[in-house]
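The lines below spell out each chain.
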Amino acid sequence: MKLKKWVTERHLRPHQTTKAEISNLLAIVERDSRDAMVSELSIDARFVTAYNAALKLCTVVLYASGYRTSGAGAHFYTIEAMSEILMEGARKDADYLDACRTQRNHAEYDFVDVASDEEVEELIQFVGELKARVLTWMEKNHNDLMP
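Residues numbered from 1 in each chain as written. Predicted model: local features only at pLDDT ≥ 70, side-chain atom pairs only at ≥ 80, totals over all residues. Heavy atoms only, no water.

### Considering the overall build of the protein chain
Looking only at helices and strands, the protein chain has six helices and two strands in total. Along the protein chain, helices and strands appear, N-terminal first, in the series α-β-α-α-β-α-α-α. Taking 2.2 N^0.38 as the reference for a compact globule, 147 residues should give roughly 15 Å; the C-alpha atoms of the protein chain span a radius of gyration of 15 Å, in line with that estimate. Expressed as lengths along the three principal axes of its C-alpha atoms, the size of the protein chain is roughly 40 × 30 × 25 Å. A total of 147 residues make up the protein chain; the buried ones form 46% of that total. Sequence-distant contacts in the protein chain: of pairs separated by 6 or more residues, those separated by 24 or more amount to 73%. For the protein chain, the separation between the mean place of its 18 positive charges and that of its 24 negative charges on side chains is 10 Å. (Helix = DSSP H or I, 4+ residues; strand = E, 2+ residues; numbered from the N terminus. Rg over C-alpha atoms; globule rule 2.2 N^0.38 Å. Buried < 20%, exposed > 50% of the residue type's maximum accessible area, 1.4 Å probe, protein only. Contact = heavy atoms within 4.5 Å. Lys, Arg positive; Asp, Glu negative; His and termini not counted. Charge placed at Lys NZ, Arg CZ, Asp CG, Glu CD.)

Okay, structure coming up:
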């Protein structure tokens, strides 16, 4: 598994999470999922906010598995770790989120009008689906951390 290699390379480090930490991350997912639907925000802001909700779901998986990111590339390793941990079907999800990560970076640092309405709606739907998968995985594997 790549996780141990990434610890050795110092991209990840051991982390013991708490129920409160997981609860807070899930609360951020809820907030950002709602905020991404606010039509008064720019389309780029909605995209960035929806992306953040997805990233927090990946963070839940990473933290519950006993790791956290360390150093540069935190978003990349958080997304990749989700794929390694959840395995089945998660490679496709990680590839999609990595493309969203690049688009989010452009929206945050380089350009305006990076996202479209369709891309935001697709990402919001993806967040809902990923949330269901993550919560099911948490209940099965880390029920003691569930809020």
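### Re the packing of aromatic side chains
Counted according to the given criterion, the structure contains three aromatic pairs. On the numbers, 5.0 Å between centres and 85° between planes, the contact of Phe-76 with Tyr-77 is edge-to-face. Look at Tyr-77 and you get buried, because its relative accessible area is 14%. With 4.9 Å between their ring centres and 55° between their planes, Tyr-96 and Phe-126 make a pair best called tilted. Highlighted residues: Tyr-96 in helix H5 (residues 90-109) and Phe-126 in helix H6 (residues 117-141), separated in sequence by 30 residues. No difference in accessibility class separates Tyr-96 from Phe-126, as the two residues are buried. Every member of this aromatic cluster is reached through a ring pair, and the members are Trp-6, Phe-76 and Tyr-77. (Phe/Tyr/Trp six-rings, centres within 6.5 Å; stacked < 30°, edge-to-face > 60°.)

### Observations concerning helix H2 (residues 19-35)
Over its 17 residues, H2 runs 24 Å from end to end, which matches the ideal 24 Å to within 8%, given 1.5 Å per residue. Within H2 the residues assigned to the buried category are Ile-22, Leu-25, Leu-26, Val-29, Asp-32 and Ser-33. Seen from one end, H2 has its buried residues packed into an arc of 125°, which puts them on one side. (Expected span 1.5 Å × (residues − 1). Arc of directions from axis to C-beta.)

The values are spatial; any link to function lies outside them.
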